[in-house]
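Reading the structure
Chain by chain, the residues run as shown.
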Amino acid sequence: SQQGEEDPQALSIQEGENATMNCSYKTSINNLQWYRQNSGRGLVHLILIRSNEREKHSGRLRVTLDTSKKSSSLLITASRAADTASYFCATPGGENSGGSNYKLTFGKGTLLTVNP
Amino acid sequence: EAQVTQNPRYLITVTGKKLTVTCSQNMNHEYMSWYRQDPGLGLRQIYYSMNVEVTDKGDVPEGYKVSRKEKRNFPLILESPSPNQTSLYFCASSPFTGTSADTQYFGPGTRLTVL
């Protein structure tokens, strides 16, 4: 079963607007990672937030982590057409990991479309 | 340039014909992993390796083999491919932090079709 689940599955916005994507997970984690994938291409790491951090910024990206709610959000500010991509959260461990934190589980992703 | 390379990028084969997809990284990473990506199912981990000669099963290891004889290489072997292994495959590597799976660096992907 999935450890991380993104919400919404798809999001369409206009250029300049902010985009917010959410990720929920089930078991305790050491870190949570966000990745971006342009259609059919390899995933690119965006940001990693550790379990003792609540918020992290990188350029136009802002990630929050609420371990009490087992959820994270990714905010992209002032979006651009080039931000159009799928965004995935990933967490170590999970229900089927056998206790291993070295197994990484990805969600199914949020497809973001930024219209010019 | 730091990168993960995969070969081939595209492959069409027939059921039962053994194949190997190679993966190589030049970042001296200890951790390497294989994923498959299917529509509606997202990205699922097949196998991972924390170091040379150390491999472990991911979520969907059935029908696949891996080996880690050298630090830089982590080939994925399909001994007898079947049509349900038609997928987009990604190799990834990561520095080993000692506590958990960390930032992954992905290869460009291999699109495999099994007829």
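Residues numbered from 1 in each chain as written. Chains lettered and ligands numbered in written order. Predicted model: local features only at pLDDT ≥ 70, side-chain atom pairs only at ≥ 80, totals over all residues. Heavy atoms only, no water.

**Considerations on the side chain of Ser79(A)**
Residues and elements named next belong to chain A. Among the structural elements, Ser 79 can be located in the loop between strand S8 (71-76) and strand S9 (85-92). By relative accessible area, which is 2% here, Ser 79 ends up buried. Of note is the side chain of Ser 79, whose polar atom sits 3.4 Å from the backbone oxygen of Gln 14. At 2.8 Å, the side chain of Ser 79 and the backbone oxygen of Glu 17 are in polar contact. When sequence neighbours within four positions are dropped, the list of residues in contact with Ser 79 reads Ile 13, Gln 14, Glu 15, Gly 16, Glu 17, Arg 60 and Val 114. (Helix = DSSP H or I, 4+ residues; strand = E, 2+ residues; numbered from the N terminus. Buried < 20%, exposed > 50% of the residue type's maximum accessible area, 1.4 Å probe, protein only. Polar contact = N/O pair within 3.5 Å; in protein donor to acceptor, adjacent residues only side chain to side chain. Contact = heavy atoms within 4.5 Å.)

**Description of the state of the cysteines**
Overall, the coordinates contain two disulfides over all chains when judged by the stated rule. Between the sulfur of Cys23(A) and that of Cys89(A) lies a disulfide, 2.1 Å long from S to S. One disulfide, between Cys23(A) and Cys89(A), carries an S-S torsion of 70° and so falls in the right-handed class. Taken together, the positions of Cys23(A) in strand S3 (residues 19-24) and Cys89(A) in strand S9 put the pair 66 residues apart, joining distant regions of the chain. Here Cys23(B) pairs with Cys91(B) through a disulfide, and the sulfurs are 1.8 Å apart. The chirality of the disulfide connecting Cys23(B) with Cys91(B) is left-handed, given an S-S dihedral of about -70°. With Cys23(B) in strand S3 (residues 19-25) and Cys91(B) in strand S9 (residues 87-94), this residue pair connects regions lying 68 residues apart in the sequence. (Disulfide = S-S within 2.5 Å.)

**A look at unusual backbone geometry**
Going from Asp7(A) to Pro8(A), the amide bond is cis rather than trans, its omega being 0°. The amide bond that connects Asn7(B) to the next residue, Pro8(B), takes the cis arrangement and shows omega of -5°. Of note, Pro8(B) is situated in the loop between strand S1 (4-7) and strand S2 (10-13). Of note, the phi angle at Ala78(A) is positive, near 45°, even though the residue is not glycine. Relative to the helices and strands, Ala78(A) is located in the loop between S8 and S9. According to the relative accessible area criterion, Ala78(A) is partly exposed, its value standing at 40%.

**With respect to the interface of chain B and chain A**
Across the boundary between the two partners, chain B contributes 27 residues, which contact 24 residues of chain A. Across the chain B-chain A interface, the total number found is zero salt bridges. Across the chain B-chain A interface, the total number found is four residue pairs in polar contact (both at pLDDT 80 or more). Ranked by residues supplied to the side of chain B that touches chain A, first place goes to strand S5 (residues 42-51) of chain B with five residues. In terms of residue class, the side of chain B that touches chain A is built from 12 nonpolar, 11 polar and four charged. (Salt bridge = Lys/Arg side-chain N within 4 Å of Asp/Glu carboxyl O. Nonpolar A, V, L, I, M, F, W, Y, C, P; charged D, E, K, R; others polar.)

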